[in-house]
Structures are given as structure tokens and as C-alpha cells.
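# Chains, contacts and geometry: an overview
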Amino acid sequence: MSDTTLKATAAASGASATERFRTDKTTASGQAVTDTERVNILATEMIAAVHDVIRRHQVTYEEYNALKSWLISVGEDGEWPLFLDVWIEHVVEEVAGADRKGSKGTIEGPYYVPGAPALPSVSTLPMREDESGTPLLFQGRITGVSGEPLPGALLEIWQADDDGLYAQFAPGIAQWNLRGAVEADDSGRFAVRTIQPAPYQIPTDGSCGKLIAAAGWHAWRPAHLHLKVSAPGHETLTAQLYFRGGEHVEDDVASAVKPELVIDPQPTGNGGNQVTYDLVLDPAS
Ligand code: DHB
Ligand code: FE
């Protein structure tokens, strides 16, 4: 891939992720947080945590101004969704999912788009005729915590392609490529054909990339399938599945890997792999 293509991709993904977040009715502009005392406590303690770092490390005016200018550029680059979902979201998910009895979840990340094409329980994700990547058959059952099938269970899948790029956030990929909403059958089963995604590199030419370079970190997430599993009367599960032995499974920049989310697809004998992974939803609280 050329440098020019990569640059276009980074700029497009930040702007699209910001736009997507702003238009999502369920997450828009913190409308749910109206408890003054709660805001007071959270804001006071977050600011105090920053004061503590400044005192402990004797932060200089030079460093303070570098931070100020970096924070301004994160917004200008549209990279706040990327920054927050890589370095902060995993702890919010840890707190939110602590009491879950069903399947483990993990971060949603910035690239979910609702309204993907509805697909039957046995189906193939929309993909290009010459979509590259190892074919993957992903199958399983969606149940409640007692093993009961859930009428109306829906499995939304979104993923990067074999270049690590997401439709709607990188240019030149059809809108719903490698995205779909699979309706489980009456016994909760699904079987979806797709391809194994490539590891994903968070854009390196924007502000998040600058931080990574300045701190000597790496920008990689392991290859992953994103899932959102829902059924009436049940908690929606947001998860990702990773591939055993894959690059960066052990050092995900977004700290989102959990052992229960690592799958080990086996060869089918005709060039592809298959894996069975069951999904268990908690009752709505
Ligand atoms: C980011 C991208 C992802 O694909 C993901 O799953 C999580 C975070 C990001 O660029 O912030
Ligand atoms: Fe992702």
C-alpha cells in the first residue's frame, strides 16, 4: 500500500469515527449524566490525578505546553474516539462487565455502525469478489445463562479486511463490506462465512501516532472480529474474538484481549478454517 493511501486512510478514519459517534443517539453528548454531585466527584478526582502526576514527576512548563498543543491537535485530527477507545475504554468495560454471568465482553472501539444488512442464520458476510484473506467459518449458538435459545437473537459482526481496514472508515471499500447482522435460528444457531482479518494498526500519521512514536510504544491491535449480540429481554454483549498465536495477542495497544476471547480455528481441509464459539447473554437487569 502506498504512503498516500495510508495518509488518506488515517485522516478519513479519524473524521468518520468522530462523525459516527456524534450521530449515534445512544452515546451523543453525555445527556444521561445530570447528577451534579457525581460530576463534581469524578471531575475533581480526575483533575487531582493529573495534579499528582505533575508533582510526582516535576512536570515542566515545556512539557505542559507540549501537552496543551497535543490535546488541541487530537481534536483537530478527529482522533478523540480513537484515543479514548484505545487507552481508556477497556477499564470502563471492565467495570461495566464485572457482574456478567454470560460470555465475556470487551471494548466496542470506534468502528461499529448500526443498521448492517440483515442476514439469515447461515450466511456469508458481504465481501468483494476477490476479497483476500483465509476463509473462516464462524459458527455457534446464542443462548441465555441456562442454555435456553433466545427468540430474536441477533449477531452483528464487523471486522477489518486483509489489509487491516474497515469499511466506512477507510476510502474505497463498499459501505457494508465485512459487516452484517445475522439472525440466529430457532435453536440459537448461526454459521457465518467470512475471512480472517489482519492485525489493525491505529493511524500513525495523526496525533495518536505522534504520542505512540514519542513514547516509544507500538500502534498494533491483534487481528479481531467484532461482535454485538442482542436479544429481547437480555443485556447486549459487545465482544471481540482474537486468533490464538496471532501477532499482538499478547501486547494489544488497546489492552482489550481476555483469554476467553481467544479462538483457535482449525483447518477445514479446503484452504479455510472453522471455529465454533457459543455466546451467552445475561438477562436484562
Ligand atoms: C481502535 C480501532 C479498533 O479496530 C478497535 O477495535 C479499537 C480501537 C482505534 O483505532 O481506536
Ligand atoms: Fe477493531
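A few points on the structure.

### Some words on the overall build of the protein
In terms of regular secondary structure, the protein is built from six helices and 14 strands. For the protein, the C-alpha radius of gyration of 20 Å lies close to 19 Å, the compact-globule estimate for 285 residues. Reported as C-alpha extents along the three principal axes, the dimensions of the protein are approximately 60 × 50 × 35 Å. Of all 285 residues assigned to the protein, the portion counted as buried reaches 44%. The long-range share in the protein, meaning contacts at least 24 apart out of those at least 6 apart in sequence, stands at 73%. With an accessible surface of roughly 15500 Å², the protein has 55% of that area assigned to carbon and sulfur atoms.

### Re the environment of Pro110
The residue Pro110 is located in the loop between helix H5 (89-96) and strand S1 (118-119) in this model. Residue Pro110 is classed as buried on the basis of its relative accessible area, which comes to 18%. Along the primary structure Pro110 and Ser16 are separated by 94 residues, whereas in three dimensions their C-alpha atoms are 9.2 Å apart. In contact with Pro110, other than residues within four places in its own chain, are Ala17, Arg20, Pro81, Leu82, Asp85 and Phe169.

### Here's the deal with the coordination of the iron ion (ligand 2)
The protein atoms that coordinate the iron ion (ligand 2) are Tyr166 (OH), His224 (NE2) and His226 (NE2), at distances spanning 1.9 to 2.1 Å. Sequence positions of the donors to the iron ion (ligand 2) reduce to the motif Y-x57-H-x1-H. One end of the pair, Tyr166, is in the loop between strand S4 (154-159) and strand S5 (179-183); the other, His224, is in strand S9 (residues 224-230), with 58 residues separating them in the sequence. Across the pair, exposure class does not vary: Tyr166 and His224 are buried alike.

### Here's the deal with the site of ligand 1
Residues in contact with ligand 1 amount to 13 residues; listed here are only the nearest, Val86, Tyr166, Tyr200, Arg221 and His226. In the environment of ligand 1, an oxygen atom lies 2.7 Å from a nitrogen or oxygen atom belonging to the side chain of Arg221. Between ligand 1 and His226 there is a distance of 3.1 Å, counted from an oxygen atom to a side-chain nitrogen or oxygen. In isolation ligand 1 has 290 Å² of accessible area, and contact with the protein removes 100% of it. Of all the elements in the fold, those that place two or more residues in the shell around ligand 1 are helix H4 (80-87) and S9. Among the residues making up the shell around ligand 1, the classes are represented as eight nonpolar, four polar and one charged.

### Brief notes about the sheet that holds strand S10 (residues 237-243)
Reading across the sheet, the six strands line up as S1-S5-S4-S9-S10-S11 and stay open at both edges, with mixed pairing between neighbours. A single partner strand is all that each edge strand has here, and the edge strands are S1 and strand S11 (262-263). In terms of strand pairing, S1 meets S5 through two bridges, oriented parallel. Each residue of the ladder has a partner; that of Ala118, found in S5, is Ala181.

### With respect to helix H3 (residues 61-76)
Side chains of residues three or four places apart in an α-helix project in the same direction, reflecting 3.6 residues per turn. The terminal C-alpha atoms of H3, which comprises 16 residues, lie 23 Å apart, in line with the 22 Å expected from a rise of 1.5 Å per residue. When H3 is considered as a whole, its buried residues turn out to be Trp70, Ser73 and Val74. For H3, the arc enclosing every buried residue in end-on projection is 105 degrees, short of the 170-degree limit, so these residues lie on one face. Turned more than 90 degrees from where H3 packs its buried face, Tyr61, Ile72 and Glu76 sit exposed. Buried residues along H3 sit in contact with H4 and helix H6 (207-215). Looking one or two residues past H3, Gly78 carries a phi angle of roughly 70 degrees, positive in sign.

### A few points about the pattern of salt bridges
All told, the structure shown has six salt bridges when counted by the stated rule. Between Arg56 and Asp52 there is a salt bridge, with its nearest N and O atoms 3.2 Å apart. Of this pair, Arg56 and Asp52 both sit in helix H2 (residues 36-57), four residues apart, which is roughly one turn of that helix. Judged by its relative accessible area of 55%, Arg56 falls in the exposed class. With a relative accessible area of 36%, Asp52 lands in the partly exposed category. The network of salt bridges with shared partners includes Arg128, Glu131 and Asp161.

### Details of the pairing of strand S13 (residues 273-276)
Two faces make up the sheet, and in a regular strand the side chains alternate between them. Side chains Asn273 and Val275 project from S13 onto a buried face, and the interleaved Gln274 and Thr276 project onto a face without burial. Note that strand S3 (residues 135-144) and S13 share four bridges and pair parallel. Its bridge partner lying in S13, Leu136 is registered against Asn273. Taking the residues that link successive antiparallel strands as the turn, the strand S12 (residues 266-267)-S13 hairpin has five residues, and the phi of Gly269 there is positive, at about 100 degrees.

About the cut-offs
- Residues numbered from 1 in each chain as written.
- Chains lettered and ligands numbered in written order.
- Predicted model: local features only at pLDDT ≥ 70, side-chain atom pairs only at ≥ 80, totals over all residues.
- Heavy atoms only, no water.
- Helix = DSSP H or I, 4+ residues; strand = E, 2+ residues; numbered from the N terminus.
- Rg over C-alpha atoms; globule rule 2.2 N^0.38 Å.
- Buried < 20%, exposed > 50% of the residue type's maximum accessible area, 1.4 Å probe, protein only.
- Contact = heavy atoms within 4.5 Å.
- Areas by Shrake-Rupley, 256 points an atom, 1.4 Å probe, with all protein chains shown as cover.
- Donors = N, O, S within 2.8 Å, 3.2 Å for Na, K, Ca; no water.
- Near = heavy atom within 4 Å.
- Polar contact = N/O pair within 3.5 Å; in protein donor to acceptor, adjacent residues only side chain to side chain.
- Nonpolar A, V, L, I, M, F, W, Y, C, P; charged D, E, K, R; others polar.
- Pairing = 2+ DSSP bridges.
- Expected span 1.5 Å × (residues − 1).
- Arc of directions from axis to C-beta.
- Salt bridge = Lys/Arg side-chain N within 4 Å of Asp/Glu carboxyl O.

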